Amino acid sequence: MESLLQHLDRFSELLAVSSTTYVSTWDPATVRRALQWARYLRHIHRRFGRHGPIRTALERRLHNQWRQEGGFGRGPVPGLANFQALGHCDVLLSLRLLENRALGDAARYHLVQQLFPGPGVRDADEETLQESLARLARRRSAVHMLRFNGYRENPNLQEDSLMKTQAELLLERLQEVGKAEAERPARFLSSLWERLPQNNFLKVIAVALLQPPLSRRPQEELEPGIHKSPGEGSQVLVHWLLGNSEVFAAFCRALPAGLLTLVTSRHPALSPVYLGLLTDWGQRLHYDLQKGIWVETESQDVPWEELHNRFQSLCQAPPPLKDKVLTALETCKAQDGDFEVPGLSIWTDLLLALRSGAFRKRQVLGLSAGLSSV
């Protein structure tokens, strides 16, 4: 066991060095030995993944080794912070070397030969290094897209090709990180929330919640016990939103009314919380007698027009969401005094405005039908 831990320590040092100028001294033989070392640890990951004591010892070593005095840094080597990372340590090493301009020409040429050896037979249970590198590149591309490509406006976000691509990449990434442990997807989402432009991230989440379930790859069908069930990526997003009240409030405030209606119709667990927020926002408005309108108490409050538009959008949703919204409004109206005249209760005025809008809509539709029959 001690020998295995020493191997892990030496590879961690090697991985840290691979991003420095020290690799300028590496020759092809050094690159070959480094990759062999990485593949040995990947073999350890496959062999001892279900062996509790060994896995725990390796996890503890990874968490503690770089906090000891004399390490290469103050924290773990990026990308090698847990046992799961050993499953793709050869990918991490290869990517670092490819990105390091200090690597000599002969060593780089040998590395490329190792990564792309040409056609051949491989073990059916082993993913090629090229495939792993491509998958890691997709992850980095996803983060890049989330960070830099969300600034164009499109009123129909759920049909925007860029937004759909970002949403699919997010769901795929959630599916991958969820294989390691149940808590990892939530931590992953929280880290994205802290690192990325938040308004764009919220839009991507909304579009992701409207995507169909991801299909399984053929090899994953053979291992149903370790793979997330279809559609669980969206459930992770729902649970994360409901578990972070400030994020969900920003989610509801930042997104268009129509998009939120689609999302809450698809995911009923979100609708009671959304209605609760709308109720709280409505209670912050007060009636201005001189202007004859409902106005905000503070600058950050939701204006009457936005509140009305959001309720109007919800009332155009199919049952049962529409029925829940009307019931909630009637309940608030009754609790507020059950007034029937405008200006005394915001809930009375909202119901009157919604009914008036529905009546005008029926009139327009009736007129259009009459004109078409002429």
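Every value quoted in this text rests on a predicted model; they were computed, and no experiment measured them.

### Digging into the confidence of the model for the protein chain
Right, so step 1: With 70% of its residues at a pLDDT of 70 or more, the protein chain has an overall mean of 78.
Right, so step 2: Taken element by element, the predicted model of the protein chain shows its lowest mean pLDDT in helix α10 (residues 218-221) (44) and its highest in helix α14 (residues 271-283) (97).
Right, so step 3: In the predicted structure, residues 66-76 sits below a pLDDT of 50 and forms 15 contacts with residues beyond four places in sequence or in another chain.
Right, so step 4: For residues 217-230, every residue scores under 50 in pLDDT, and the model assigns this stretch 19 contacts once sequence neighbours within four places are set aside.

### Some points on the pattern of salt bridges
Right, so step 1: Under the definition given, this model contains nine salt bridges.
Right, so step 2: Arg42 is the salt-bridge partner of Asp90, the closest N and O atoms lying 2.7 Å from each other. Highlighted residues: Asp90 in helix α4 (residues 89-99) and Arg42 in helix α2 (residues 28-48), separated in sequence by 48 residues.
Right, so step 3: You can call Asp90 buried: its relative accessible area is 1%.

### Considerations on the side chain of His267
Right, so step 1: Note on placement: His267 falls in the loop between α13 (257-266) and α14.
Right, so step 2: Contact partners of His267, with chain neighbours within four places excluded, come to Leu209, Ser234, Gln235 and Val238.

### Some points on the nonpolar core
One broad rule of soluble globular proteins: the nonpolar side chains tend to lie buried together.
Right, so step 1: Counting 58 residues, the largest nonpolar core has Leu170, Phe251 and Phe311 as the members making the most contacts within it.
Right, so step 2: A domain split of this core shows at least three residues from each of domain 2 (155-212 + 233-254) and domain 3 (256-363).
Right, so step 3: Ignoring any residue separated from it by four or fewer positions in sequence, one finds Phe311 in contact with Leu275, Leu278, Val325, Leu329, Trp347, Leu350 and Leu354.
Right, so step 4: If you look at the next biggest cluster of nonpolar residues, it comprises 22 residues, including Val17, Val31, Leu35 and Leu111.

### Here's the deal with the packing of aromatic side chains
Right, so step 1: Inspection of every chain in the model, using the stated rule, returns three aromatic pairs.
Right, so step 2: Consider the rings of Phe248 and Phe251, whose centres lie 5.9 Å apart with planes at 25°: the pair is stacked. In this pair, Phe248 and Phe251 are both assigned in helix α12 (residues 245-254), three residues apart and thus about one turn of the helix distant.
Right, so step 3: Across the ring face of Phe188, the terminal group of Arg173 is positioned such that the distance to the ring centre comes to 5.4 Å.

### Section: the side chain of Ser234
Right, so step 1: Along the chain, the position of Ser234 falls in helix α11 (residues 232-242).
Right, so step 2: Owing to a relative accessible area of 11%, Ser234 belongs among the buried residues under this scheme.
Right, so step 3: Beyond its immediate sequence surroundings of up to four residues, Ser234 is in contact with Leu171, Leu209 and His267.

### Concerning the environment of Gln114
Right, so step 1: When you line up the elements, Gln114 lands in helix α5 (residues 105-115).
Right, so step 2: Here the alpha-carbon distance between Gln114 and Arg32, two residues 82 residues apart in the chain, equals 8.0 Å.
Right, so step 3: Sequence-distant contacts of Gln114, defined by excluding residues within four places in its chain, comprise Leu35 and Arg39.

### A few points about helix α7 (residues 161-177)
Right, so step 1: Here α7 spans 25 Å end to end across 17 residues, near enough to the 24 Å set by a 1.5 Å rise per residue.
Right, so step 2: Counted residue by residue, α7 has 13 buried out of 17 residues, so it is predominantly covered.
Right, so step 3: If you check the start of α7, you find a side-chain oxygen 2.9 Å away from the backbone N of Met163, and it comes from Asp160.

Here is what the cut-offs are and how they apply
Residues numbered from 1 in each chain as written. Predicted model: local features only at pLDDT ≥ 70, side-chain atom pairs only at ≥ 80, totals over all residues. Heavy atoms only, no water. pLDDT = per-residue confidence, 0-100. Helix = DSSP H or I, 4+ residues; strand = E, 2+ residues; numbered from the N terminus. Contact = heavy atoms within 4.5 Å. Salt bridge = Lys/Arg side-chain N within 4 Å of Asp/Glu carboxyl O. Buried < 20%, exposed > 50% of the residue type's maximum accessible area, 1.4 Å probe, protein only. Core = buried A, V, L, I, M, F, W, Y, C linked by side-chain atoms within 4.5 Å. Domains from an automatic or database assignment. Phe/Tyr/Trp six-rings, centres within 6.5 Å; stacked < 30°, edge-to-face > 60°. Lys NZ or Arg CZ within 6 Å of the ring centre and 35° of its normal. Expected span 1.5 Å × (residues − 1). Polar contact = N/O pair within 3.5 Å; in protein donor to acceptor, adjacent residues only side chain to side chain.

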